[in-house]
Amino acid sequence: HYAAYLFVPNPPAMEFWATPKSQHLLDKVKARDRPKLAENYTEDTWLKLRDAVGAIQNSTSIKYNLEELYQAVENLCSYKVSPTLYKQLRQVCEDHVQAQIHQFREYPFLCSLDNLSFLKRMNRCWQDHCRQTIMIRSIFLFLDRTYVLQNSLLPSIWDTGLELFRTHIVSDSAVQKRTVEGILEQIELERNGETVDRSLLRSLLGMLSDLQVYKDSFEERFLTETNRLYAAEGQRLMQERDVPEYLHHVARRLEEENDRIVSYLDQSTQKPLISCVEKQLLGEHMTAILQKGLSTLLDENRVTELTLLYQLFSKVKGGLPTLLQFWRDYIKSFGGEIVCTPEKDKDMVQDLLDFKDKMDNVAQSCFARNESFINAMKEAFETFINKRPNKPLILMRFSLVPASKYVDSKLRAGNKEATEEELERILDKIMIIFRFIHGKDVFEAFYKKDLAKRLLVGKSASVDAEKSMLSKLKHECGAAFTSKLEGMFKDMELSKDIMIQFKQYIQNQSEPSNIELTVNILTMGYWPSYTPMEVHLPTEMVKLQEVFKLFYLGKHSGRKLQWQPTLGHAVLKAEFKEGKKELQVSLFQTLVLLMFNEGEEFSMEEIRAATGIEEGELKRTLQSLACGKARVLNKNPRGKDVEDGDRFNFNNDFKHKLFRIKINQIQMKETVEEQVSTTERVFQDRQYQIDAAVVRIMKMRKTLSHNLLVSELYNQLKFPVKPGDLKKRIESLIDRDYMERDKETPNQYHYVA
């Protein structure tokens, strides 16, 4: 609407009959002559006003002063001829507008340039009409503010001008069609990259809006054409372009359309227009976009494009739920490949940590920390980490064992990859993965074995780091989970105190030994179970064991000591041609090497008979001494493997740059069989836990249906279990008379006291 009106200053408020000159004249006129005089004055005044209106419409100069014209209108209104004046003014304006239609009906149409010229002529006509209407209204302002305002059914002079233009020009079917087609053509040219006159489009679309024909004559047609254009463009570009390029194109198109709304389209068009573009370029291709490009974007960590993808999909109905599902499926697929591929077993945990960091970054940076996406990621991780393609006992090592081994590698002494702060961050990340694991008891079993080795061999990187990890496990799983692990630390601390007392005890003996003995007292319930192995120890060692046994049992009566030679280690002093060396070896390696103080050469059978070491363990021990990097023994015949009949002699020519040499303790290396054995023990323990839980629940409830009992068990048990396994344990307890079935309702159980 035009906000600028030409207002004539209000003239002095006086009636025509009240002016001094006219009063003097009328006093001389007879009463019968007065109506005739008024009639002549009204007609003359209207002719003057009509001439002024005609001059305005023809863009010529006005003969009369605007203030004089305004005064004339006011006087006519005072003469009570306002209805006539209003009708005459309307008729003059209507005649003029009707005359304008011919220039548009006869306008040629040969090419798009003619359309542009047509639009410019239409705009010029509209601008002239608005300017003329404003000028006319300023002259007839008194009429507009009195008579028209008092008659609510009459349109104002401005509204009358709009009505006439709409009725006689814009509502003409041919003119309207060509105007709308011309505007649509200009918009299409702009969408194709050409420059158009935006001010012209803004003016013409403002005209349609002011005339209240914008929606019916233009918007519906415009949205139909937009829908057709972007439907075709979406289909074509999805075939031609890759996903990142396509996403940037969609964002650019949306920006362009928003710019058009600001520049020349009516604000009411914004919502349907943007919805149309989003629907045709995104909504119709959501699945195709995600199938074609999401995996690539995530694999390549394309943060910018992933952010754009999330922003665009959030605009489309059903966009985020679709993206969420594909995101969840990607995590399950990619993570499942890490977990279930044996070749990736070695780097599995590090790969999982890296993958988790990557997905966390995507959720935080690209997906606006959307809770739904974060929860879906957690659910997906929990799903694939506990996924097994085969029997759990065999393939459990593909997730739980590497997790515990990874922790072991980080907590071992000699791990120079990280500072204390970095190690703490690594442990925090490991705990994130740990939370997803269902079989935490399996993890605990392997972690306990690894912790035992670190503590007993003295290979722990830091007691603080060990206790920090223990604290994290305790916070995550409760005190019951870590009670045995804490007991192991307690044993090691008590052992140090006992050894201080033992050394004082030895010093008071009449025959002190030249062997320095260190013993770790392990509480059997806390530590992993080890298979006892009887070996033939040297007399001095046996004697020293007896001394310690006498000392310990003297302080702790009623206890029983069971020696574990498989966990022992020693430092031997050896002399070679090069000089003296110290060898850090296992107890089994010690027994073998001490034999060469008594002779030059021995066969494997002789060594086995003298030491009592089991054959498989002996072969691994001899292999470490004669076939490894530090070959303190010579094997005849040469070879990497130890066979029956091989003979061994002391390598007096052994050379090494270090004074103290550690020879790998092969017997401490965990085999696949040991892993399976550990896992089997865990599953056996689970059966006992299920039995105990069933009895505990039935003792409290006395009578319970099968479904409610199973539900209670799932709430209490901390590890995953199948319904079939629960049913077997219930049947076992029924057979052992801990509970019985109801005679009338087999699906109900009773506790047997």
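Please read these numbers as outputs of a predicted model, since none were measured by experiment.

*Asks:* Would you take a moment to explain the pairing of strand 2 (residues 579-586) for this structure?
*Replies:* Bridging between strand 1 (residues 569-576) and strand 2 involves 8 bridges; their strand directions are antiparallel. In the strand pairing of strand 2, Ala-570 is matched with Val-585. Of the strand pairs in this sheet, strand 2 and strand 6 (residues 660-662) are connected by 3 bridges, and their pairing is parallel. Note on strand 6: the bridge partner recorded for Glu-582 is Arg-660.

*Asks:* Help me understand the packing of aromatic side chains in this model?
*Replies:* By convention here, two paired aromatic rings are described through the distance between centres and the angle between planes. By the definition in use, this model includes 26 aromatic pairs. Where Phe-104 meets Phe-118, the ring centres are 5.8 Å apart and the plane angle is 75 degrees; that geometry is what we call edge-to-face. In this pair, Phe-104 sits in helix 5 (residues 102-105) while Phe-118 sits in helix 6 (residues 112-139), placing the two residues 14 residues apart along the sequence. Judged by its relative accessible area of 1%, Phe-118 is buried. Ring geometry for Phe-502 versus Phe-548: centroids 5.0 Å apart, planes at 75 degrees, classification edge-to-face. Taken together, the residues span a long stretch of sequence, with Phe-502 in helix 24 (residues 479-507) and Phe-548 in helix 25 (residues 539-555) at a distance of 46 residues. Residue Phe-502 is classed as buried on the basis of its relative accessible area, which comes to 2%.

*Asks:* What exactly am I supposed to notice about the sheet that holds strand 1 here?
*Replies:* Two modes of strand pairing occur in sheets, parallel and antiparallel, and in both the strands are linked by backbone hydrogen bonds. As summarised here, the arrangement of the 3 strands in space is 1-2-6, forming an open sheet in which the pairing is mixed. Only two strands of the sheet have a single partner each, and these edge strands are strand 1 and strand 6. Averaged over neighbouring strand pairs, the angle between their axes works out to 30 degrees when direction is ignored. Packing of helix 26 (residues 587-594) onto the sheet brings it into contact with strand 1 and strand 2, and relative to strand 2 it is tilted by some 135 degrees.

*Asks:* Whenever I open this one, the packing of helix 21 (residues 420-436) against helix 23 (residues 463-477) confuses me. Can you help?
*Replies:* Two quantities define a packed helix pair, namely the angle between the helix axes and the distance between the axes. Where helix 21 contacts helix 23, the two axes come as close as 11 Å, and the packing angle between them is 30 degrees. By the criterion of interaxial angle, the relationship of helix 21 to helix 23 is roughly parallel. Relative to helix 23, helix 21 is oriented so that their crossing is right-handed. From helix 21, Leu-423, Glu-424, Leu-427, Asp-428, Ile-430, Met-431, Phe-434 and Arg-435 reach across to helix 23, where they touch Ala-465, Ser-468, Met-469, Lys-472, Leu-473, Glu-476 and Cys-477.

The rules behind these values
Residues numbered from 1 in each chain as written. Predicted model: local features only at pLDDT ≥ 70, side-chain atom pairs only at ≥ 80, totals over all residues. Heavy atoms only, no water. Pairing = 2+ DSSP bridges. Helix = DSSP H or I, 4+ residues; strand = E, 2+ residues; numbered from the N terminus. Phe/Tyr/Trp six-rings, centres within 6.5 Å; stacked < 30°, edge-to-face > 60°. Buried < 20%, exposed > 50% of the residue type's maximum accessible area, 1.4 Å probe, protein only. Axes fitted to C-alpha atoms, helices over the stretch in contact; angles between N-to-C directions. Contact = heavy atoms within 4.5 Å. Parallel < 35°, antiparallel > 145°, perpendicular 65-115°, else oblique. Left-handed = near helix turned anticlockwise from the far one by under 90°.

All we've got here are geometric facts, nothing functional implied.
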